[in-house]
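Secondary and tertiary structure notes
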Amino acid sequence: MAKFFAVIIIVIAIASAIPILRHTWGAPEDISTHGALIDEQMSETMAEAGISFLAAQFVLALFIWQYSNRRPDAKIKNFPGGATGLVIAAMLLVGAEVVALGIFGVKAWADVYFTPPSASAIPIQVQAGQFAFYFRYPGPDGTFGPIHPELINEGTQNFYGLDTDHDADAKDDIVTAEMAIPVNKEIHLLMHSKDVGHSFYVRELRVQQDFVPGLDVSLHFTATKIGRYEIVCTQLCGLGHYNMKAYLEVKSQEDFDNWLKKEAAMQ
Amino acid sequence: MHDMSAHAAQHHAPTTFIRKHVFSLDHKVIGKQYYALALLAALIGMFLSWLMRIHLGWTNAAIPGLQLLSKNGAPGGVMTPEYYLQLMTMHGTIMVFFVLTTAPFAAFGNYFLPIQVGAEDMPFPHFNMMSFWVTFVGFWVLVAAFFVSDGPSLGGWTQYAPLSAVGAVGGPGEGTGVVLWAASIGIFCVGQLLGALNFITTTLDLRVKGMSMMRLPLSAWAWFITSCMGLTAFAVLMPACILLILDHVAGTSFFVASNLVINDQLQPHSGGSTLLWQHLFWFFGHPEVYIAIVPGMGIVSHVLIANMRKPMLSHRVLIYSMGALAVLSYMVYGHHMFVSGMNPFSSLAFSFPTLAITIPSTIIVLIWTFSLYGSKLRINSASLFALGFISMFVSGGVSGFFLAQPSIDIMLHATYFVVGHFHLVMGVAAMFGIFAGTYFWFPKMTGRMMNETLGKVHFVLSFIGTYAIFMPFHYLGMAGNVRRYSAFVADYLQPLIPVHQFITVAALITGAAQLVFVYNLIHSRFWGAPASDNPWECTSLEWSTPTTPPPHNNFGDHLPVVYHDPYQYGVKSSTGDYVMQASPEQVATVNEEK
């Protein structure tokens, strides 16, 4: 039984590692300027965690194989060096790993969160609500009109509660159900929730950020590859959570300009 | 070191059925009551997970008879999206609170902590009885949500505000369902606080003569450390639940911000903080992870030592490491909130202790593993589950490396990677701790042995099965599969559905394997082979009781006196290769740490 169990551990450990080594499942290709650091951090962590995982399972299996059901007269031994050696080893090895991952991780995190968007970043507002995203572009005046929550009405398609009769800034705002951005241009995403918690997750962009009702948060990123990507909600927001999604279209500057013009005409 | 038996609660053995088996003051009966409640809760929780898994594998499939459970939730047996989320919320809540907290801590701790310290009972038996019955009421308040008009809450076991605080307008179950949820958990907290008070006092004040703190078995240490965590963690969750209820019934806005619009209606709330709930919840929630797992660590250490026939490489280092986990567990909770909108500088402040907590965890795993070296390991159902615990704890632990780093969390947050991680490290590992404890202590608790063959079948199926379920969860998460979806409609999720179907089949088989355990438990309780007082040849005080199961006051006419460290195995004594703590026999000791 003991040897059978040891073999099971080894087989499971190897079987678990195979899909990782073969990249059977994993994140899609990165299309952001900041994502490379995150991906690198991920690979480093995978290497360290993977080695720790395999080593721990192998040693466990080895000792189970070796030391189970021994003869009654077999002698009890202690591992050479005892606990002190293990504690020192754990502190040094894991400590070094913690410091390395921690310091390297700061860089990747700082790249996303500690640098302000450049002055030329294109502002786009995204509003999350049960169970859809709506996007808003400020129009030629470059300014978003104020939101009047009491005017929000899905029936009349006033998703943002804009008062175009009285607010001059709101008149040229462009509200869309799909997000389009120009390639290789920095985007400053202003995130607003109208009801409960939601999240904005685009795998290819290496971006995930919660919407906080009552607190507008912002994010900035640059997409480097033209294409159509899915935006999904990752914060449980109610019964339609699974179906809350939108598309991100990364376009050439020219296509983006044309798209925006067309959307403006439809307002 | 104290001889404080005069302070132990002394009460006469009850004579009526009600006082003996229902409203009992005996810590052993209360321990068994907690175990029975946890078993019932685990079976319900597992049944819910089966329903959820079938739905995730085959979303449009009708589950025969499901419409009988909820006509609206499953018309024609096909689960609606909201019913899926309601089952998910109940699964998580039942498992975390009423199984993982209840069984390893309250059930085994109640039964064995007083005996392991050499006490006749807990110091406050009425509080102890109340602790169980309050928990019992809490459980049924939670389950009652199945029977109210729009069913249980759909907000998940974390109940993030403002969805949980806006009332019925948030969705089915977000009105009465949430109030019942918060009331249930608030009541549960009262029960745990009363229990923690008793555990701490028992450990500090009721140790028998000769039982210094360092002579306590590792299981007793684990329960003691856990109760210290419980006292502070549940004391935060309880008021949070009260505030949540007030947001529903008293028109307050603790967790709801101004100007929220739901269903085109401006909500009548203002000034609350969405993130406040997350801070309060996770200040409890992360220690809770260790409340679930530290008792398992103690049980596994205790079981392994008895089966290795030698002590751990260091008793003291294990105790200090468990203590370090407890202290650090309060400093890491923000890692649940890296992408929550919390100040990004806070994320880094929470990331370092989260990474650092791997150091005591690694030390514990290394001590367990390398203590096996040179041992005379006995393979039985209890030791197999203890060894399985180590394997699971490592597998679930290494994925913590990823989630501890904010930058990687951007990719993995709220995906199945997290689900795989916590199920392995606190769910399955803790369950394995419960199983190890059950197979090990069952003879003492019932006077009968469990069937070893069935135990080994149960182990092999559970070990392979849980890996088959939870390893693929990690892969799904790496591919960006978001959790808490009742169906996978996004384009990129379509190719992942076969993986979900594989997991569903594995979950059904592994769940069925647990019925082998239930059969073994019930059959052995009545028809198992009679157990001797010390069938595993152990040293700690629970094996020194004059009868099996122990008498009402645990030790009969005379309290034991402790002469030794808890784990004197691998020695030459008149009884064999061990000497019991309560035996005055002097032998050459091993690894005694002063």
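Throughout this document, residue positions are counted from 1 along each chain, in the order its sequence is written. Each chain takes a letter, starting from A, and each ligand takes a number, starting from 1, following the order in which they are written. Only residues with pLDDT of 70 or above have their local features reported here, since the model is predicted, and side-chain atom pairs are shown and tallied only from 80 upward, although totals for entire chains, interfaces and linings are computed over all residues.

**A word on the interface of chain A and chain B**
Interfaces are often described in size by the accessible area the parts lose on coming together. Which entries qualify depends on this criterion: Our contact criterion uses C-beta atoms placed from the backbone: two residues qualify when those atoms are within 7 Å. In this text, helices come from DSSP runs of H or I with a minimum length of four residues, and strands from runs of E with a minimum of two, each type numbered from the N-terminal end.
Of the residues lining the interface, 89 residues belong to chain A; the matching set on chain B comes to 92 residues. Elements with a contribution of two residues or more to the side of chain A that touches chain B: α1 (2-21), α2 (35-67), α3 (82-113), β6 (198-202), β7 (207-211) and β9 (227-232) of chain A. When residues in the side of chain A that touches chain B are grouped by element, the largest group, 16 residues, is from α3(A).

**Examining the nonpolar core**
Under the convention used in this document: For the purposes of this analysis, a nonpolar core is taken to be any set of buried Ala, Val, Leu, Ile, Met, Phe, Trp, Tyr and Cys residues that are connected through C-beta atoms within 7 Å. Each residue is classed by its C-beta neighbour count within 10 Å, where at least 20 other C-beta atoms makes it buried, 12 or fewer makes it exposed, and intermediate counts make it partly exposed; the C-beta atoms are placed from backbone geometry. Start and end points for every domain follow an automatic or database-based domain assignment.
B:A38, B:I367, B:A429 and B:A436 are the most contacted members of the largest nonpolar core, which has 283 residues in total. In terms of residues, this core owes the most to one element, helix α4 (residues 81-117) of chain B, which gives 23 residues. Three or more residues apiece are contributed to this core by two domains, here domain 1 (2-69 + 82-113) and domain 2 (122-265) of chain A. Once residues lying within four places of it in the same chain are set aside, the contact partners of B:A38 are B:F98, B:V99, B:T102, B:A103 and B:A107.

**Section: α1(A)**
Rule in force here: In this scheme, a helix's expected span is set at 1.5 Å multiplied by one less than its residue total. Directions are taken from the helix axis to each C-beta atom, and the arc is the one they span.
For α1(A), with 20 residues, the first-to-last C-alpha span of 29 Å sits near the 28 Å given by 1.5 Å per residue. Buried residues of α1(A): A:F5, A:A6, A:I9, A:I12, A:A13 and A:S16, and no others. Buried residues in α1(A), looked at end-on, bunch into an arc of 130°, giving them a common side. Residues A:F4, A:A15, A:I18 and A:L21 are exposed on α1(A) and point more than 90 degrees away from its buried face. Each element contacted by the buried residues of α1(A) is listed here: α2 of chain A together with α12 (381-403) and α15 (452-478) of chain B. In the stretch just after α1(A), A:H23 is the one whose phi turns positive, near 55°.

**What about the domain arrangement of chain A?**
Residues and elements named next belong to chain A. To be explicit about the condition: Residue classes follow a fixed rule: Ala, Val, Leu, Ile, Met, Phe, Trp, Tyr, Cys and Pro count as nonpolar, while Asp, Glu, Lys and Arg count as charged, and any other residue, Gly among them, counts as polar.
When cut into domains, chain A gives domain 1 (2-69 + 82-113) and domain 2 (122-265). On a C-alpha basis, the centroid separation for the pair domain 1 and domain 2 is 38 Å. Between domain 1 and domain 2, the residue contacts involve 10 residues of the former and 10 residues of the latter. Looking at side-chain class alone, the side of domain 1 that touches domain 2 contains 4 nonpolar, 4 polar and 2 charged residues.

**Here we look at the packing of α4(B) against helix α6 (residues 176-205) of chain B**
Residue and element names in this part refer to chain B. Note the following rule: Between the N-to-C directions of two axes lies an angle of 0 to 180 degrees, each axis being a line fitted to C-alpha atoms and, for a helix, fitted only over the stretch in contact. Note that the term roughly parallel is reserved for angles under 35 degrees, roughly antiparallel for angles over 145, roughly perpendicular for angles of 65 to 115, and oblique for everything else. Left-handed describes a crossing whose near helix is turned anticlockwise from the far helix through less than a right angle; right-handed describes the clockwise counterpart.
Running from amino to carboxyl end, α4 crosses α6 at an angle of 20°, the nearest separation of the two axes being 11 Å. Relative to α6, the element α4 is oriented roughly parallel. The two elements α4 and α6 meet at a crossing, and its hand is left-handed. Residue-level inspection shows T93, F97, T101, A106, G109, L113, P114 and V117 of α4 in contact with α6, the latter providing W181, I185, F188, Q192, G195, F199, T202 and T203.

**Observations regarding the pairing of strand β2 (residues 132-137) of chain A**
Residues and elements named next belong to chain A. The criterion, for reference: Only strands joined by at least two bridges in the DSSP assignment are considered to pair.
Most of β2 sits inside the fold, with 5 of its 6 residues counted as buried. Between strand β1 (residues 122-129) and β2, which pair antiparallel and follow one another directly, the connecting turn spans 2 residues. In terms of strand pairing, β2 meets strand β3 (residues 174-176) through 3 bridges, oriented antiparallel. From the neighbouring strand, F135 faces β3, where its bridge partner is T176.

**So, the environment of A:S193**
All names here are of chain A. Mapped onto the secondary structure, S193 falls in strand β5 (residues 186-193). When the C-alpha positions of S193 and A132 are compared, they lie 11 Å apart, and in sequence the two are 61 residues distant. When neighbours within four sequence positions are excluded, S193 is seen to be in contact with A128, H198, F211, V212 and P213.

**Notes on the sheet that holds β1(A)**
Residue and element names in this part refer to chain A. Spatial ordering of the open sheet is given by β3-β2-β1-β5-β8, a layout of 5 strands whose pairing is mixed. Only two strands of the sheet have a single neighbouring strand rather than two, namely β3 and β8 (217-222). When the angles between neighbouring strand axes are averaged without regard to direction, this sheet yields 25°. Across 6 bridges, the pairing between β5 and β8 is antiparallel. Bridged to M191 within β8 is V217.

**With respect to the confidence of the model for chain B**
Residue and element names in this part refer to chain B. Selection rule: Every residue is assigned a pLDDT by the predictor, reflecting its confidence on a scale from 0 to 100.
For chain B, per-residue confidence averages 94 on the pLDDT scale, and residues scoring 70 or more make up 97% of the total. Contacts from residues 1-6, a stretch scored under 50 in pLDDT, to residues over four places away or in other chains number 14 contacts. Complex prediction metrics read pTM 0.96 and ipTM 0.96.

**Some details on α2(A)**
Taking 1.5 Å of rise per residue, 33 residues should cover 48 Å, and α2(A) covers 47 Å from first to last C-alpha, within 8% of that figure. Within two residues after α2(A), A:N69 carries a phi angle of roughly 45°, on the positive side.

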